[in-house]
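One-letter residues, chain by chain:
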Amino acid sequence: MILPQIKINAYNDLNEKVYTRKDFIESEMKNRWSNFDESIPIMLRKVNGILYKQGKPVNAIEYDDDLNNRILEELTPEVIYLLRKNNVTGAFFILNQQRVINDGGLLQCPGIYLRDHDPSTILNNNEDIVMERGNAAILKQYNLSLDTGWMANFQFTGDGAVNEEFYFAPVNAAKNTNDWNPGNLGFWSSRFKLAGDMQAIVTYSIPLIHESGYVYGVLGVDVTVNYLRKFLKYEELGANKSGAYVLAVTDEQLSNFERICINTFSHEINQKKNFLFELKKHVYQNIFSFASGDEILYGSIQPVKLYSANSPFNNQKWVLIGLMNTTELFRFSRWIQLTVFIAMIISLICCFLIIVFASKNVTRPIQVVLDNLKTVDPYDNVILERTRISEIDDLTQSIEDLSKAVADSASIFSKIIDMTGAPIAVFEIHEWNDTVYCSSNIFKIVDYFFSAPHGLPSSSMKKDDFYRKINELEEYLVSFKENRKIYKITKTMNGQPKWLQIVNLEDSGRIFGTITDISNEMKERQKIAYERDYDQLTGILNSRGFRSYIDDQFLKEADVEKISALLMFDLDNLKRVNDTYGHELGDTYILCFAEGLRLFEQYNATIARRSGDEFYVILLNHENKNSIRGIVRYVFKKILERSIILPDGTLFPLSASGGLAWFPGDEKMITEWVHYADFAMYSAKRTKKGSFQEFNEKEYLKNIQESKTDSRSSRQDTVL
């Protein structure tokens, strides 16, 4: 029973690694690369401003080239900002002017497409950005360069080609639905190459919808396959770098896979990747086997959830596949199989010899030997009393020799485990025996609680002592599912936390078990979780981590008999610092502000970075509003007293605008609570930068009414 369980452990380990990596990739794609929440309203506001100044309706985009050139020139900084903020390799904006330019029906659309081949490095004055599509007149104004495959406009055949879906898919989806929420109409493309470009890319694009319902353009980003490959860290799958990660698109039945990106060091997998998915067989949970000639690969297929249930593209299923070859995945289980085989051979030999001796006609002295045998431990060296009858004494000597051989074979299992270096120990408990038999390394793996017992061989211990020590572990239990328990032990010999996994299997009055040190795996998972939920620059929660805190902790901890508050801050002058002194000093400006926000932590607060220059603070469970107001005034004053040092040695003071919403009080739902704090913050910013306001419901309702009036007026103007 131990061997199948060890094989299942290998499957579970592969599943857990791939799931953790999938979670990280999914977070990057949904929460970072495709986050357009800030850009959409800004671009719409600028387009409306241009239309208003020129006195033209929005559908003039279909025929007015001068209007389109003005719009593209005005929105180029926003495309550059989106490229930087989302940390992607490309960003584009296409206006919905589909003009036929030849007899073949070729369509031409004005737009701009910018590319940054290395998002991790930001150069001053946009020197690292090249233009793939766009009017060359914009180049000098924004210090851009032309790429080798540059074209002035986007050209499409309109025949449904893969390299045109990034434009037509979101536009057609918007035209065929009454849902004007761009987030539900966003589209992730398959892998393709832009015309004239050698790099394979994937894109995310959304339709830009005017208040009137008119689709006036498409906004999107791209990620090159080479850049995406950096996030598929195949080294974590196997010690010999023989694993591989594959990002692919498939259907509900997993009947066909379209590869997006593959990353591996293995020459064998690279050579076979073209026919990797021809044959597959379900093995266990998310584990499938892939046959390729004589080679068998095992892969964990984890779904990457990119679309909501309301999306017209939710039938497009993305998956992350982690692959390992048979040798690497089952390296440890094959050592176990060899050990069991050797032990069985020795046991059969011993049984045969014992039967031969027992079948002989013996007299009373042999009964003495049998009585002695009943009192000894079969797993220890047996020493029997001599009868002074040569034939029986020869039999006694043979039994002692056989006993020694059995004891030696019992230690082979422990020695082979020690040779592999795997952090796993095994044990066996018999219902009818007071001794627990185990591999000798159990005392090393569970170092603080288990010590080698006196009077017993290192491969066994008393059953009562074993159960007592196992019970001492229960206070460190963190997870229990069926026959699997996971412990986090903080009291260890070296002072470092240790994670243990214990698995038990019962069979015919015997219990087989494994104890595995999973500390390294847990550290890796915690590291990935930290990178997913915490902002890398400031060390505070990022937007995803903040949402997790709201969902998992805040609603459980919030006391409705007390007062809590959500503070939203917008860091003033960040764009000025970035444009004037560079992004490195801009990061210093952000970090200085985040360190100031940490003053809130002494007042039962949680802080997070929402985006580039926006931050959250939650003050939890205070006695009254005045108490919170006093805290906010004190900390806000201290923050505004902070400053950074400019290259010329002068001090540049921090400036931020903030808004506050109460809980319970202002909100009806958590989403409204965040929205109210955001409204209060922007009200303060419009009134006076560097100020702070509380949410005002009357002002909020008035603003909504004015927005509806403006919207109706705009629609009437459009009709006229």
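What counts as what
- Residues numbered from 1 in each chain as written.
- Predicted model: local features only at pLDDT ≥ 70, side-chain atom pairs only at ≥ 80, totals over all residues.
- Heavy atoms only, no water.
- Helix = DSSP H or I, 4+ residues; strand = E, 2+ residues; numbered from the N terminus.
- Buried < 20%, exposed > 50% of the residue type's maximum accessible area, 1.4 Å probe, protein only.
- Contact = heavy atoms within 4.5 Å.
- Areas by Shrake-Rupley, 256 points an atom, 1.4 Å probe, with all protein chains shown as cover.
- Axes fitted to C-alpha atoms, helices over the stretch in contact; angles between N-to-C directions.
- Parallel < 35°, antiparallel > 145°, perpendicular 65-115°, else oblique.
- Pairing = 2+ DSSP bridges.
- Core = buried A, V, L, I, M, F, W, Y, C linked by side-chain atoms within 4.5 Å.
- Left-handed = near helix turned anticlockwise from the far one by under 90°.
- Nonpolar A, V, L, I, M, F, W, Y, C, P; charged D, E, K, R; others polar.
- Patch = residues over 30% accessible without salt bridge, like charges linked within 9 Å, V, L, I, M, F, W, Y side chains within 5 Å.
- Salt bridge = Lys/Arg side-chain N within 4 Å of Asp/Glu carboxyl O.
- Phe/Tyr/Trp six-rings, centres within 6.5 Å; stacked < 30°, edge-to-face > 60°.
- Lys NZ or Arg CZ within 6 Å of the ring centre and 35° of its normal.
- Expected span 1.5 Å × (residues − 1).
- Polar contact = N/O pair within 3.5 Å; in protein donor to acceptor, adjacent residues only side chain to side chain.

S.K.: Can you help me understand the overall build of the protein chain in this one?
M.R.: Counting secondary structure elements, the protein chain contains 21 helices and 31 strands. Put simply, the protein chain has 720 residues, and 49% of those count as buried. Of all intrachain contacts in the protein chain linking residues separated by at least 6 positions in sequence, the fraction that spans at least 24 positions is 59%. Total accessible area on the protein chain stands at roughly 36,100 Å², and carbon and sulfur atoms take up 51% of it.

S.K.: Help me understand the packing of helix α17 (residues 574-581) against helix α18 (residues 583-597), please; the structure alone is not making it clear to me.
M.R.: Two quantities define a packed helix pair, namely the angle between the helix axes and the distance between the axes. Put simply, α17 and α18 touch, their axes get as near as 7 Å, and they point 150° apart. When the interaxial angle is binned, α17 and α18 end up roughly antiparallel. Judged by residue contacts, Leu574, Val577, Asn578 and Tyr581 of α17 engage His583, Leu585, Gly586, Tyr589 and Ile590 from α18.

S.K.: Looking at this model, I keep getting lost on the environment of Phe427. Mind explaining?
M.R.: Looking at where Phe427 falls in the secondary structure, it is placed in strand β18 (residues 424-430). Expressed as a C-alpha distance, the spacing of Phe427 and Ser440, which sit 13 residues apart in the sequence, is 9.6 Å. Apart from the residues lying within four places of it in its own chain, the contact partners of Phe427 are Val436, Tyr437, Cys438, Phe466, Asn504, Ile511, Phe512, Gly513, Thr514 and Ile515.

S.K.: Help me understand the pairing of strand β26 (residues 605-609), please; the structure alone is not making it clear to me.
M.R.: Taken residue by residue, a regular strand's side chains alternate between the two faces of the sheet. In terms of residue burial, β26 counts as a mostly covered element, since 5 of its 5 residues are buried. Of the two faces of β26, both are covered, the one formed by Ala605, Ile607 and Arg609 as well as the one formed by Thr606 and Ala608. Pairing of β26 with strand β27 (residues 614-622), which is carried by 5 bridges, proceeds in the antiparallel orientation. Pairing of Ile607 across the sheet is with Val617, part of β27. Between β26 and β27, which pair antiparallel and follow one another directly, the connecting turn spans 4 residues.

S.K.: Is there a simple way to think about the sheet that holds strand β2 (residues 99-100) in this case?
M.R.: Strand pairing in a sheet relies on backbone hydrogen bonds, with the paired strands running either antiparallel or parallel. Pairing within the open sheet is antiparallel, and its 3 strands lie in the order β2-β3-β7. Each edge of the open sheet is held by one strand with a lone partner, namely β2 and β7 (154-156). Of the strand pairs in this sheet, strand β3 (residues 107-109) and β7 are connected by 3 bridges, and their pairing is antiparallel. Bridging from a neighbouring strand, Cys109 pairs with Phe154 of β7.

S.K.: Just to check I follow, could you spell out the side chain of Thr538 for this structure?
M.R.: With respect to the helices, strands and loops of the structure, Thr538 is situated in the loop between α15 (519-533) and α16 (543-557). For Thr538, the residues in contact, after removing those within four places along its chain, are Ile590, Leu591, Ala594 and Arg598.

S.K.: Would you explain the sheet that holds strand β30 (residues 656-663) in this entry?
M.R.: One open sheet holds the 5 strands; their spatial order is β26-β27-β25-β30-β31, and the pairing between them is mixed. Bordering the open sheet on either side are β26 and β31 (692-694), each of which pairs with just one other strand. In this sheet, adjacent strand axes meet at a mean angle of 15° when their direction is disregarded. Strand contacts of helix α20 (residues 670-687): β25 (563-571), β27, β30 and β31, with the helix running at about 145° to β30, the strand carrying the most contacts.

S.K.: Sorry, what's going on with the nonpolar core here?
M.R.: Counting 94 residues, the largest nonpolar core has Phe93, Tyr216 and Trp318 as its most contacted members. Leu571, Leu585, Ile607 and Val617 belong to the second-largest nonpolar core, a separate cluster that totals 34 residues.

S.K.: What's the story with the packing of helix α2 (residues 39-54) against helix α3 (residues 65-85) in this structure? I'm lost.
M.R.: Axis separation between α2 and α3 bottoms out at 10 Å; the angle between their running directions is 160°. As judged from the angle between their axes, α2 and α3 are roughly antiparallel. The element α2 and its partner α3 pack so that their crossing is right-handed. Across the interface between the two elements, Ser39, Ile42, Met43, Lys46, Val47, Ile50, Leu51 and Gln54 from α2 touch Leu67, Arg70, Ile71, Glu74, Leu75, Glu78 and Leu82 from α3. In terms of residue class, the contact of α2 with α3 is made up of 9 nonpolar, 2 polar and 4 charged.

S.K.: In this structure, what is going on with the pairing of β25? I would like to understand it.
M.R.: The buried count for β25 comes to 9 of 9 residues, which makes it a mostly enclosed element. Residue alternation in β25 divides its side chains into two sets, Ile563, Ala565, Leu567, Phe569 and Leu571 and Ser564, Leu566, Met568 and Asp570, and both sets are buried. In terms of strand pairing, β25 meets β27 through 7 bridges, oriented antiparallel. From the neighbouring strand, Ile563 faces β27, where its bridge partner is His622.

S.K.: Sorry, what's going on with a nonpolar patch on the surface here?
M.R.: A grouping of Ile345, Leu348, Ile349 and Leu353 is seen on the molecular surface, where their side chains present a nonpolar patch of about 340 Å² in accessible area. The residue Leu353 is located in helix α10 (residues 331-358) in this model. A relative accessible area of 31% means that Leu353 is categorised as partly exposed.

S.K.: Got a minute to help me understand the packing of aromatic side chains in this structure?
M.R.: Centre-to-centre distance and the angle between the planes together describe a pair of aromatic rings. Inspection of the entire model under this criterion finds 40 aromatic pairs. Ring centres of Tyr11 and Tyr298 lie 6.1 Å apart, and the angle between their planes is 40°; on these two criteria the pair is classed as tilted. In this pair, Tyr11 sits in helix α1 (residues 2-33) while Tyr298 sits in strand β16 (residues 295-304), placing the two residues 287 residues apart along the sequence. For the pair Tyr11 and Tyr298, one class covers both residues: buried. With centroids separated by 5.0 Å and ring planes inclined at 75°, the aromatic side chains of Tyr167 and Phe168 adopt a geometry described as edge-to-face. In terms of burial, Tyr167 and Phe168 fall into one category: buried. What links up through ring pairs into an aromatic cluster is the set Phe92, Tyr113, Phe154, Phe156, Phe166, Tyr167, Phe168 and Phe192. Here the guanidinium or amino end of Lys485 rests over the ring plane of Phe480, the centre of that ring lying 5.0 Å away.

S.K.: Would you mind going over the pattern of salt bridges with me for this structure?
M.R.: If charged atoms from side chains of opposite charge come close, those side chains can pair. In total, this model carries 33 salt bridges according to the counting rule given. We note a salt bridge from Glu428 to Arg510, for which the minimum N-O separation is 3.8 Å. Taken together, the positions of Glu428 in strand β18 and Arg510 in strand β24 (residues 510-517) put the pair 82 residues apart, joining distant regions of the chain. The exposure class of Arg510 is partly exposed, given its relative accessible area of 29%. A salt bridge links Glu623 to Lys562; its shortest N-O distance comes to 3.3 Å. Residue Glu623 is located in the loop between β27 and α19 (625-640), and its partner Lys562 is located in the loop between α16 and β25; the two are separated by 61 residues in the primary sequence. Owing to a relative accessible area of 57%, Glu623 belongs among the exposed residues under this scheme.

S.K.: What should I look at first to understand the environment of Gly596 in this one?
M.R.: Tracing the backbone shows Gly596 in helix α18. For Gly596, the residues in contact, after removing those within four places along its chain, are Val635, Ile639 and Arg642.

S.K.: Could you clarify how one ought to interpret α18 in this entry?
M.R.: For an α-helix, 3.6 residues make a turn, and residues three or four places apart therefore share a direction. Between the first and last C-alpha of α18 there are 21 Å, a value that for 15 residues agrees with the 21 Å anticipated at 1.5 Å per step. Taken as a whole, α18 has its buried residues at Leu585, Gly586, Tyr589, Ile590, Cys592, Phe593, Ala594, Gly596 and Leu597.

S.K.: I would appreciate a short explanation of the environment of Gln501 in the present structure.
M.R.: Among the structural elements, Gln501 can be located in strand β23 (residues 498-507). According to the relative accessible area criterion, Gln501 is buried, its value standing at 9%. Between the alpha carbons of Gln501 and Leu477 there is a distance of 9.8 Å; along the sequence they are 24 residues apart. Only 3.1 Å separates the side chain of Gln501 from the side chain of Arg484, close enough to count as a polar contact.

S.K.: Quick question: what am I supposed to make of unusual backbone geometry here?
M.R.: Among all residues save glycine, negative phi is the norm, and among peptide bonds the norm is trans. For the bond from Phe663 to Pro664, the omega torsion is -10°, close enough to zero to count as cis. Relative to the helices and strands, Pro664 is located in the loop between β30 and α20. In this model, Asn143 sits at a positive phi of 60°, which is unusual for a non-glycine residue. Relative to the elements of secondary structure, Asn143 occurs in the loop between α4 (137-142) and β6 (145-151). With relative accessibility at 37%, the residue Asn143 sits in the partly exposed group.

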